[in-house]
Amino acid sequence: MRPWVRGLAKRATAVVLAGWAAGVMPAQACTNILLMAADGTPVYGRTLEYALETQSDVVVVPRNHQFVGTRPNNGPGAKWTSRYAFVGVMSFGQPFVSDGMNEKGLAGGALYFPDFASYTPPAKADPNTALAPWEFLSWVLSNFATVAEVKAALDKAVIVDLPAPMVNFTLPFHFPIHDATGASIVIEPIDGKLKVYDNPMGVLTNSPPFDWHLNNIRNYVKMSPVAADPLKIGGKTFEPFGQGSGLLGIPGDPTPPSRFIRALGYAASAKQQPDGPQTVRLVEHIMNNFDIPIGFINSAAKGGELEYTQWTSVADLRARKYYIKGYRDQVLRMVDLNSFDLDAKGLRVAPFKINLTPPPLEFAKP
């Protein structure tokens, strides 16, 4: 793993936006977890699924960066200045990120939340403070250091029902937020209000709402990484077939409720690692279980595209190191926020390039 952000670059995302405008719906299969190392380091992991090539960029946004939001008819909206620098994955060719972590170790993502996200009508919100759905996460990461600070500020925050630029629909999101203490919350726009849930499990997928997922856990109360005991009936003993019998019945399909239960199972049973670097590797392995290969979800059969896991991010919230790998290049790349001038005047952007050639093994000389 090595530092990856380099140079100043800027790329348009016209292809992505054109696909949205044509009616291609975004992905519905993001998965988020948080694990704690034995030394108290929280490590966050997340996958991003999409049916269209997003051509993602990784961006480092400095302190004092001037943000300008969007109003209806693409007019200038809310304005704010970043208090904290952050790193994340760019959306729309602008420093509005769909995933990221700031210099204080606050991290989170925008996860798809179809059929349930309900924002405030623009006419009922102050246009000078209202945020579009794709702007909310950047507002959080640029302004707050802890989950407690985010919770305290949400009574003044408003997300408005606003179509993304060049798109004929509003992107439905909900937001898992984590901090360097290990605190976690889920923020969901329901009926025009921001509902906030404490999330001590650190797990989130997509629809339905978070409280529904909590109730669904009751269907899996016997879930255990420990093998089931043999069954004795009529003097005969029936042994399980191999290991894993304590996990019989765990759903394996890619729907959000099933992924939530699997993610919870991994998070609850994973052997705690001593520190952040080793937990980063553990989280990477866990997130591999949520990879969706091209063709497994075939929305193309109904006029869509082949949805798949385009990238996976992992963040060490204590060391302020952000990692990412792509579908076609599984090398985990690292962005160390400590190595940047966080008071720089401009953005630092790295195109998420694809490398199809695996690096060779190096053999010791005889």
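What exactly am I supposed to notice about the pattern of salt bridges here?
If the charged atoms of two oppositely charged side chains come close together, the side chains can form a pair. Tallied over the entire structure, the rule returns seven salt bridges. A salt bridge links Glu284 to Lys325; the nearest nitrogen and oxygen atoms lie 3.2 Å apart. In this pair, Glu284 is assigned in helix H6 (residues 276–288) and Lys325 in strand S17 (residues 321–326), connecting sequence segments 41 residues apart. Accessibility expressed as a relative area gives 3% for Lys325, which makes it buried. A network of salt bridges, in which partner residues are shared, links Arg63, Glu103 and Asp343.

Any chance you could explain the layout of surface pockets here in plain terms?
Summary: where empty space remains is shown by rolling a probe the size of a single water molecule over the atoms. Approximately 180 Å³ is the volume found for the second largest pocket. Taken together, Asn219, Tyr220, Val221, Lys222, Met223, Ala228, Gly246, Leu248, Gly249 and Ile250 make up the full set of residues lining the second largest pocket. When its residues are assigned to classes, the lining of the second largest pocket shows six nonpolar, three polar and one charged.

I tried to follow the nonpolar core on my own but got confused; where do I start?
Within soluble globular proteins, side chains that are nonpolar tend to cluster in buried spots. In terms of nonpolar packing, the biggest core is built from 47 residues, with Ile33, Val87, Met101, Val283, Leu317, Tyr322 and Val335 touching the most fellow members. Residue contributions to this core peak at five residues, all from helix H5 (residues 256–269). Those residues in contact with Leu317, other than ones at most four positions away along the chain, are Leu34, Pro42, Tyr44, Met101, Gly105, Ala107, His178, Asp179 and Ala180. Judged by nonpolar contacts, the second largest core, of 43 residues, contains Leu137, Ala157, Phe169 and Phe175.

So what exactly am I meant to see when it comes to unusual backbone geometry here?
Negative phi is the rule for most residues except glycine; trans is the rule for most peptide bonds. Residue Pro208 is reached from Ser207 by a cis peptide bond, and omega for that bond is 5 degrees. Summarising the element assignment, Pro208 is placed in the loop between strand S12 (193–198) and helix H4 (210–216). Of note, the phi angle at Asp191 is positive, near 55 degrees, even though the residue is not glycine. Secondary-structure assignment places Asp191 in the loop between strand S11 (184–190) and S12. For Arg320, which is not a glycine, the phi torsion comes out positive at approximately 60 degrees. Mapping Arg320 onto the fold places it in the loop between strand S16 (306–316) and S17. Relative accessible area serves as the criterion here: at 18%, Arg320 is assigned to the buried category.

I'm lost on H5 in this one. Help?
Because each turn of an α-helix spans 3.6 residues, side chains separated by three or four positions in sequence point in the same direction. Taking 1.5 Å per residue, 14 residues should reach 20 Å; H5 reaches 20 Å between its end C-alpha atoms and fits that length. The set of residues buried in H5 consists of Pro256, Ser258, Arg259, Phe260, Ile261, Arg262, Ala263, Leu264, Gly265 and Ala267. Of the surrounding elements, those touching the buried residues of H5 are strand S1 (32–36) and H4.

Is there a simple way to explain the side chain of Thr41 in this structure?
Following the sequence through the fold, Thr41 ends up in the loop between S1 and strand S2 (42–50). Within the local environment of Thr41, its side chain forms a polar contact with the side chain of Asp39, the two groups lying 2.9 Å apart. Those residues in contact with Thr41 that sit more than four places away from it in its chain are Leu35, Met36, Gly276, Asp316 and Arg318.

For this particular structure, what's the right way to read the packing of aromatic side chains?
Aromatic ring pairs are described here by two measures, namely the spacing of the ring centres and the angle between the planes. A complete count under the given rule lists 13 aromatic pairs for this structure. For the ring pair Phe67 and Phe96, a centre distance of 5.7 Å and an interplane angle of 40 degrees mean the geometry is tilted. A residue pair is termed long-range when its members are at least 10 positions apart, and Phe67 in strand S4 (residues 66–70) and Phe96 in strand S7 (residues 96–102) qualify at 29 residues. Phe96 carries the same exposure label as Phe67, and that label is buried. Ring geometry for Trp139 against Phe144: centres 5.1 Å apart, planes inclined by 80 degrees, an arrangement best described as edge-to-face. Comparing Trp139 with Phe144, the two get one shared label, buried. Of the aromatic side chains, those joined through ring pairs into one cluster are Phe136, Trp139, Phe144, Phe173 and Phe175.

What counts as what
- Residues numbered from 1 in each chain as written.
- Predicted model: local features only at pLDDT ≥ 70, side-chain atom pairs only at ≥ 80, totals over all residues.
- Heavy atoms only, no water.
- Salt bridge = Lys/Arg side-chain N within 4 Å of Asp/Glu carboxyl O.
- Helix = DSSP H or I, 4+ residues; strand = E, 2+ residues; numbered from the N terminus.
- Buried < 20%, exposed > 50% of the residue type's maximum accessible area, 1.4 Å probe, protein only.
- 1 Å grid on protein atoms, 1.4 Å probe; cavity = no way out; pocket = protein on both sides within 12 Å on 5 of 7 lines; lining within 4 Å.
- Points joined across faces, edges and corners; volume = space filled by probe spheres on them.
- Nonpolar A, V, L, I, M, F, W, Y, C, P; charged D, E, K, R; others polar.
- Core = buried A, V, L, I, M, F, W, Y, C linked by side-chain atoms within 4.5 Å.
- Contact = heavy atoms within 4.5 Å.
- Expected span 1.5 Å × (residues − 1).
- Polar contact = N/O pair within 3.5 Å; in protein donor to acceptor, adjacent residues only side chain to side chain.
- Phe/Tyr/Trp six-rings, centres within 6.5 Å; stacked < 30°, edge-to-face > 60°.

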